[in-house]
Amino acid sequence: MKAHAIETMARLAAADPARDASPDETERARLWQLIAATPGEAPPKRTRARLPRPRLRLALAIPAVLALSGAALAASGVIRIGAPAEPVKGFSAPLRGGGLAKGTVHLLPLSTADPGGGPPWGMRVLSTRSGEGCVQVGRLLGGKLGAIGRDNAFHDDGLFHQFALDSTFAKSACTLLDGNGRIFLNATVGDIPASAWIGYGGGCVPSTATRAERIDEHGKPRALCPQADERNLYYGLLGADAKSITYKLNGVAHTQATVGPEGAYLIVTRASPTQLFNFNAGGTQDVVPVDGPITELHYRDGQTCHLTSRSWIGGSDACTPALHEPIGWTPPRTPVPSVAQLYAPLHARLLRNRTGAYEVALSFAAPVAITGARTTYKTMWREAGMPTGVYGGGPLTPSEPVAGQTVSARVGGPGHPLRPGILSGAVIFMDATGPGNIEEGPGTVERVVARFTVRVP
Amino acid sequence: MSESHDEFECVYQDCYAAVHRYAARRVPPAAVQDVVADTFLTAWRRYGELSGEPLPWLLGIARRAAANQLRGGARRDALHERLRSELRSSVETPRNDADPQVAAALATLSERDREALTLVAWDGLEHRVAASVMGCSTSAFTVRVHRARRKLERALAGQKRNPLDVVKEARSLR
């Protein structure tokens, strides 16, 4: 993350109105007494996902000897193959939305040395049937992408664990495919353990992690990584027109050729002990590389994109001199439906639910089908007295309707009582026509399908 | 005591401070304890639905509780009222000497952008956890934070502009 970004987030953090607030211990104890005395006494029993039996037995059987042998193997530079990393159920981000598009998984012919030695880092790309492209990054061994059992991952067994397509989560970066089905993406991800594993089950966080970040998915404390085991990853796909990138580390400029028709690059550095973990863990994505050491992008036609501290703004600020980034990106082939094509009568009914609270039921026949990640319907609404700029929104069912299918939504309901007065809103169709993900950015067209107004008693 | 009772007490003790701070950042001081009480009471009743990390789940509940507080129209059941009346006696007033420029810049952002930024910068959540609080994917959250940060920077930069420059710009647009 570049200095201006860190400064902004640090300034925002410093403006935290509760930074010095500490809860009153008497109130804490008193609330607990009241909750514990709630009629019904015990809360409902929690249903837990159990470890598969073989894994449980393995976990119980792992003695310290194995950890020692793993450490010895790693130290000697010999990495043996272990069991594949298990897919992470519920976190199959790359495969969400239509599943994997056949024939799109490619391990790119690229490898980047790790600053601490051992297997190099590599990249794999894949596309989904809903029109998203994803990049996975990990350690390479024997032509496979995976993680090493170290840094508290895989019981520190020192073995190589191949990634399933959905076994990684935050290291995967996804974006919408362009009109030719290609991926254009630049990602910066900080503070990744050298194991390359930050999925569920093991892993560690740096000493700069906040208290909340030090708690794992089971509410248990996470291990702290040695600072020397923290890595920053800068990677991306610049397209077939890219030739090379120039980056600067420790004041020395390096130029590295991009790889393949994807125009791939990958830089791995040691993380700085002073960088802020929580601002980097999720990383950033942009049409050009930002928040990293890359200073120039070179293209086959001789053009060079000089990156500046303003490149994050995008558009004409992305490069100096201005270039039409991402170069080679093709707009989607399907035109945005017209206002007339999107017109649909909307039914809004005021109801009272079982608790007597008012709800508004919305329904309409989808004027056009939602067939991929590029388009979606959403609701936006405002209640009486809402501050300027604040609006409500909610999910629509189904999320990917066929044309003519009834789509419905509820406004209000249990736990969300509606305020008396005028409730007004709209159903909106969103279509991402530019690079990047569907969002409220300038590349995303928003068209009103229908508006509604209801008086809530 | 049952096993779930003991488990919930651990969750309560571990997460109370984080939920309290979350509420203190988002609602007036007098309503903080209400939001905390609403959150844990709801969590107690719906503990069986918790399948992952407790903190993002609790913050998700707290987010809705805070929204209800801000709307001011939340229905109160008898227990909520009892909790409120017993806890109202000594609510803590958080120190609030926030950077007024940052506060003004934050106010220009949409609720979604503001929430995304503050979950990271104030609540210290990593993107995966914050995404589950907001009910979106990590990649969508990451993009949201990135864009929200840009908007915040633009808003802060706008505050720093020399009023004379603004006048000049306005003239040049005529």
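Before reading further, recall that the structure is shown in the block above.
Notes on the structure follow. (Residues numbered from 1 in each chain as written. Chains lettered and ligands numbered in written order. Predicted model: local features only at pLDDT ≥ 70, side-chain atom pairs only at ≥ 80, totals over all residues. Heavy atoms only, no water.)

## So, the pairing of strand S3 (residues 132–141) of chain A
Residue and element names in this part refer to chain A.
Turning to step 1, where the next piece is worked out: Extensive coverage of S3 is indicated by the burial of nine of its ten residues.
Turning to step 2, where the next piece is worked out: Taken together, the seven bridges between strand S2 (residues 121–127) and S3 define a ladder with antiparallel strand orientation. Considered in S3, the bridge of Ser 127 is made with Gly 133.
Turning to step 3, where the next piece is worked out: Counting the residues in the hairpin turn of S2 and S3 gives four residues, including Gly 131, whose phi is positive at 95 degrees.
Turning to step 4, where the next piece is worked out: In terms of strand pairing, S3 meets strand S6 (residues 173–176) through four bridges, oriented antiparallel. The residue of S6 that forms the bridge with Gly 133 is Thr 175.
Turning to step 5, where the next piece is worked out: When S3 meets strand S4 (residues 144–148), the two strands line up antiparallel, connected through three bridges. Considered in S4, the bridge of Arg 139 is made with Gly 146.
Turning to step 6, where the next piece is worked out: In textbook terms, the turn of a hairpin is the stretch between consecutive antiparallel strands, and for S3 and S4 this stretch comprises two residues, one of which, Gly 142, has a positive phi near 60 degrees. (Buried < 20%, exposed > 50% of the residue type's maximum accessible area, 1.4 Å probe, protein only. Helix = DSSP H or I, 4+ residues; strand = E, 2+ residues; numbered from the N terminus. Pairing = 2+ DSSP bridges.)

## Structural notes on the environment of Thr406(A)
Residue and element names in this part refer to chain A.
Turning to step 1, where the next piece is worked out: In this fold, Thr 406 is placed in strand S20 (residues 406–412).
Turning to step 2, where the next piece is worked out: Along the sequence, Thr 406 and Ser 363 sit 43 residues apart, while their C-alpha atoms lie 6.6 Å from each other.
Turning to step 3, where the next piece is worked out: If sequence neighbours within four positions are ignored, Thr 406 has contacts with Ser 363, Phe 364, Ala 365, Thr 397 and Pro 398. (Contact = heavy atoms within 4.5 Å.)

## As for the packing of helix H6 (residues 111–121) of chain B against helix H7 (residues 127–134) of chain B
All names here are of chain B.
Turning to step 1, where the next piece is worked out: The interhelical angle for the contact between H6 and H7, taken along N-to-C directions, is 140 degrees, at an axis separation of 10 Å. Judged by the inter-axis angle, H6 sits oblique to H7. Regarding H6 and H7, the two cross each other, and that crossing is right-handed. Between H6 and H7, the residues in contact are Arg 112, Glu 115, Ala 116, Leu 119 and Val 120 and His 127, Ala 130, Val 133 and Met 134, respectively.
Turning to step 2, where the next piece is worked out: Of the residues that constitute the contact of H6 with H7, the class distribution is six nonpolar, one polar and two charged. (Axes fitted to C-alpha atoms, helices over the stretch in contact; angles between N-to-C directions. Parallel < 35°, antiparallel > 145°, perpendicular 65-115°, else oblique. Left-handed = near helix turned anticlockwise from the far one by under 90°. Nonpolar A, V, L, I, M, F, W, Y, C, P; charged D, E, K, R; others polar.)

## With respect to the pattern of salt bridges
Turning to step 1, where the next piece is worked out: The full count for this structure, using the stated rule, is 17 salt bridges over all chains.
Turning to step 2, where the next piece is worked out: Connected through shared salt-bridge partners, Arg25(B), Arg26(B), Arg63(B), Glu115(B) and Asp123(B) make up one network. (Salt bridge = Lys/Arg side-chain N within 4 Å of Asp/Glu carboxyl O.)

## Observations regarding the sheet that holds strand S19 (residues 375–382) of chain A
All names here are of chain A.
Turning to step 1, where the next piece is worked out: Pairing is antiparallel across the open sheet formed by three strands, whose spatial order is S19-S21-S22. The open sheet terminates on both sides in strands that have one partner only, identified here as S19 and strand S22 (444–456). Averaged over all pairs of adjacent strands, the angle between strand axes in this sheet comes to 20 degrees, irrespective of strand direction.
Turning to step 2, where the next piece is worked out: Sheet topology note: the S19/strand S21 (residues 421–432) ladder contains eight bridges and is antiparallel. Bridge pairing in S21 places Lys 378 opposite Ile 428.

As far as function goes, none of this settles anything; it's purely spatial.
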